[in-house]
Amino acid sequence: MAVIEKEIILKGSKGKEEITAVFDSGATYSCIQPELAENLGVTEPLPAPKHFGTAKKGEKVTARKAIRLDFDLNGYTFSDEFMVIPGLSDPVIIGAATLQKWRMKLDFENDEIIIDPRVTKLRLL
């Protein structure tokens, strides 16, 4: 599975941090390392643990907490929930649920994230 790495600014209730994020359409949810999550904001327990398979056959990881964070990319701000995963190999992974929610497209040929600016506008009805 191909991934794209991009610098983003993660923002939470306790602060912000510029970090290299892995954009991975093969990851179902967006995930974050516990230490980074605790530095940025308040984590909340999940109603029940969530178990995820990894790229390594037979290996699983478990999330017991989540955190809601904003992140800036290419001049746009996005918001989503991140599963807090102990032992995560990268500081933060942006997964398919976030990519779909914000209609981001991964351009592997040019190593870019394509953003539709119309999606980032707040519409009040």
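Residues numbered from 1 in each chain as written. Predicted model: local features only at pLDDT ≥ 70, side-chain atom pairs only at ≥ 80, totals over all residues. Heavy atoms only, no water.

Enquirer: Before we go on, may I ask you to explain the overall build of the protein in this structure?
Expert: The helix and strand tally for the protein stands at two helices and nine strands. Compactness check: the protein gives a C-alpha radius of gyration of 14 Å against a globular reference of 14 Å for 125 residues, within 12% of the reference. Dimensions of the protein, computed from the C-alpha atoms along their principal axes, are close to 35 × 35 × 30 Å. Relative to its 125 residues, the protein shows a buried fraction of 40%. When contacts within the protein are restricted to residue pairs at least 6 apart in sequence, long-range pairs at least 24 apart make up 55% of them. Of the roughly 7,800 Å² of accessible surface on the protein, a fraction of 50% belongs to carbon and sulfur atoms. Charged side chains of the protein number 17 positive and 19 negative; the gap between the two group centres comes to 8 Å. (Helix = DSSP H or I, 4+ residues; strand = E, 2+ residues; numbered from the N terminus. Rg over C-alpha atoms; globule rule 2.2 N^0.38 Å. Buried < 20%, exposed > 50% of the residue type's maximum accessible area, 1.4 Å probe, protein only. Contact = heavy atoms within 4.5 Å. Areas by Shrake-Rupley, 256 points an atom, 1.4 Å probe, with all protein chains shown as cover. Lys, Arg positive; Asp, Glu negative; His and termini not counted. Charge placed at Lys NZ, Arg CZ, Asp CG, Glu CD.)

Enquirer: It is not clear to me how the pattern of salt bridges should be interpreted in this structure. Could you clarify?
Expert: Two side chains with opposite charge may pair up if their charged atoms get near one another. Taken as a whole and assessed by the stated rule, the structure comprises five salt bridges. Note that Lys65 and Glu38 form a salt bridge whose closest N and O atoms lie 4.0 Å from each other. Here Lys65 is found in strand 5 (residues 60-73), whereas its partner Glu38 is found in helix 1 (residues 34-40), with 27 residues between them in sequence. Notably, a salt bridge pairs Lys101 with Asp80, separated by 3.4 Å at the nearest N-O pair. Linking Lys101 in helix 2 (residues 96-101) with Asp80 in strand 6 (residues 76-84), this pair joins segments that are 21 residues apart in sequence. Residue classification places Asp80 among the buried positions, given a relative accessible area of 10%. (Salt bridge = Lys/Arg side-chain N within 4 Å of Asp/Glu carboxyl O.)

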